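# Geometric and topological summary
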Amino acid sequence: MSNWQHQHVIDLASFSLEDFQEVLSLAHRFREMPSTSPRKLPALQGHLVATLFFEPSTRTRSSFELAAKSLSADVQSFAPASSSIGKGESLLDTALTYVAMGADVLVVRHKSTNAAAQLAFDLDKFGEKTSVLNAGDGLHSHPSQGLLDLYTLARHFNPEQPEPEALNGKKIAIVGDILHSRVARSNLWALTACGADVILCGPPTLLPNEFKDFVDAPPPGQKKDPILKRGRIYLTRQLSEALIEADAVMTLRLQHERMRENLISNLHRYHKDYGITHESLKSCKKPIPVLHPGPVNRGVEMSGKLLNDRSISLVEEQVRNGIPTRMALLYLITS
Ligand code: CP
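If you're wondering where the values come from, they're calculated on a predicted model, not measured in any experiment.

This paragraph deals with the pairing of strand 1 (residues 48–53). Taking burial as the measure, the six residues of strand 1 include six buried ones, the bulk of the element. The alternating pattern of strand 1 places L48, A50 and L52 on one face and V49, T51 and F53 on the opposite face, and all of these are buried. Of the crossover connections in this fold, the one passing from strand 1 over helix 2 (residues 59–70) to the parallel strand 2 (residues 74–78) is right-handed. Examined bridge by bridge, strand 1 and strand 3 (residues 105–110) share five bridges and lie parallel to one another. In the sheet register, A50 faces strand 3, and the bridge partner there is L106.

So this is what it looks like as structure tokens:
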């Protein structure tokens with residue numbers, strides 16, 4: 001019996017351990033479906049899922065659309081460049097247009113922090129039953145990425161039972177442009193809630209000292225973060241220090257498009273100090289997997305050679321796991 005209570009998925013701060021458990025267990029069932037099963041499940045037959053992406057995306061948009069189709073939903077993509085946004089139509093009016101056309105779920109990516117939360121609030125106020133799934137809002141949150149990363153890690157540590165408990169007591173290093181990363185924030189919420197310690201590593205310009213306080217801050221619209229954070233958060237500037245005890249490392253893309261000033265001296269130096277390579281992984285006490293949410297700047301956050309090394313890199317696994325994880329989310333919010 002499901003305890004799922006979320007009509008919208010905006011961030012992972014409001015997720016309980018049971019919510020993480022439910023998503024991972026369902027994602028695993030979808031991922032492990034026998035090859036003899038029908039290609040499409042009927043769960044979302046008659047539902048319309050609209051993908052409203054106001055920022056570029058390859059993985060998130062395609063995997064949400066493939067996930068929706070795998071559950072037999074109808075899918076409508078919105079292309080901002082050729083839309084009435086150019087005539088001044090707002091996000092809310094665009095969303096209401098899709099609601100009027102029958103959308104049950106809006107998957108929304110937007111450059112503004114809080115855009116998905118505001119939209120969900122406004123739709124509720126209008127009395128609409130449509131769900132909003134945040135597919136990335138500014139610097140704030142990318143919950144489906146945090147969940148697919150959680151599933152990928154849980155599956156790595158315990159392939160038979162990839163549950164949140166598989167993360168309990170693990171040390172996960174997150175390296176790079178943490179300041180601009182909604183993926184880092186979503187992973188912080190998910191990993192610490194599941195009992196993992198997180199070691200944040202990057203230069204001071206991309207990882208301000210105050211970042212440690214972020215996870216304790218209340219999410220938008222809430223007075224207090226309801227989750228008891230079980231894991232601890234550490235900060236270091238030294239990659240070797242972040243890696244030495246780590247059980248896994250996640251490296252992040254340098255988000256040049258969000259950098260208003262020059263926050264690193266040069267890419268070559270950045271790669272030398274923070275790039276994940278076969279050489280830098282020699283700091284680890286044991287062999288560990290490497291994750292990256294993508295898209296990767298090869299030779300900057302990680303070497304191309306390491307990205308292609310499937311014995312270490314879980315990047316393709318993350319992409320593969322994106323579909324069953326998003327199927328789980330779509331299934332749960334429409335049930
Ligand atoms: N990880 C991620 O969000 O990738 P896309 O921007 O390609 O969706």
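Let us look at the domain arrangement of the chain. Splitting the chain by domain gives domain 1 (17–141 + 319–334) and domain 2 (143–315). One C-alpha centre belongs to domain 1, the other to domain 2, and the line joining them spans 25 Å. Every contact between the two is made by 30 residues of domain 1 and, on the other side, 33 residues of domain 2. Counting each side, the surface lost to burial between domain 1 and domain 2 is near 2,600 Å², with a carbon and sulfur contribution of 60%. Together, F20, L24 and L139 form the three largest contributors to the area buried by domain 1 at its contact with domain 2, with a combined 26%.

The immediate surroundings of the ligand are formed by S57, T58, R59, T60, R109, H142, Q145, P293 and G294. Here G294 contributes a backbone N or O atom positioned 3.1 Å from a nitrogen atom of the ligand. Here the ligand loses 91% of its free accessible area of 250 Å² to cover by the protein chains. Of the residues contributing to the shell around the ligand, the split by class is one nonpolar, six polar and two charged. Built from parts of two domains, the shell around the ligand gets at least three residues from each of domain 1 (17–141 + 319–334) and domain 2 (143–315).

Moving on, we get to the environment of I244. Tracing the backbone through its elements, the reader meets I244 in helix 8 (residues 239–244). I244 gets classed as partly exposed once you look at its relative accessible area, which sits at 36%. Put simply, I244 and S90 are 154 residues apart on the chain and 48 Å apart in space, counted from C-alpha to C-alpha. Every residue in contact with I244, bar those within four places of it in the chain, is listed here: S283, C284 and K285.

About the cut-offs
- Residues numbered from 1 in each chain as written.
- Predicted model: local features only at pLDDT ≥ 70, side-chain atom pairs only at ≥ 80, totals over all residues.
- Heavy atoms only, no water.
- Buried < 20%, exposed > 50% of the residue type's maximum accessible area, 1.4 Å probe, protein only.
- Helix = DSSP H or I, 4+ residues; strand = E, 2+ residues; numbered from the N terminus.
- Right-handed = clockwise from strand over helix to strand, strands pointing away.
- Pairing = 2+ DSSP bridges.
- Domains from an automatic or database assignment.
- Contact = heavy atoms within 4.5 Å.
- Buried area = accessible area lost by both parts, 1.4 Å probe.
- Near = heavy atom within 4 Å.
- Polar contact = N/O pair within 3.5 Å; in protein donor to acceptor, adjacent residues only side chain to side chain.
- Areas by Shrake-Rupley, 256 points an atom, 1.4 Å probe, with all protein chains shown as cover.
- Nonpolar A, V, L, I, M, F, W, Y, C, P; charged D, E, K, R; others polar.

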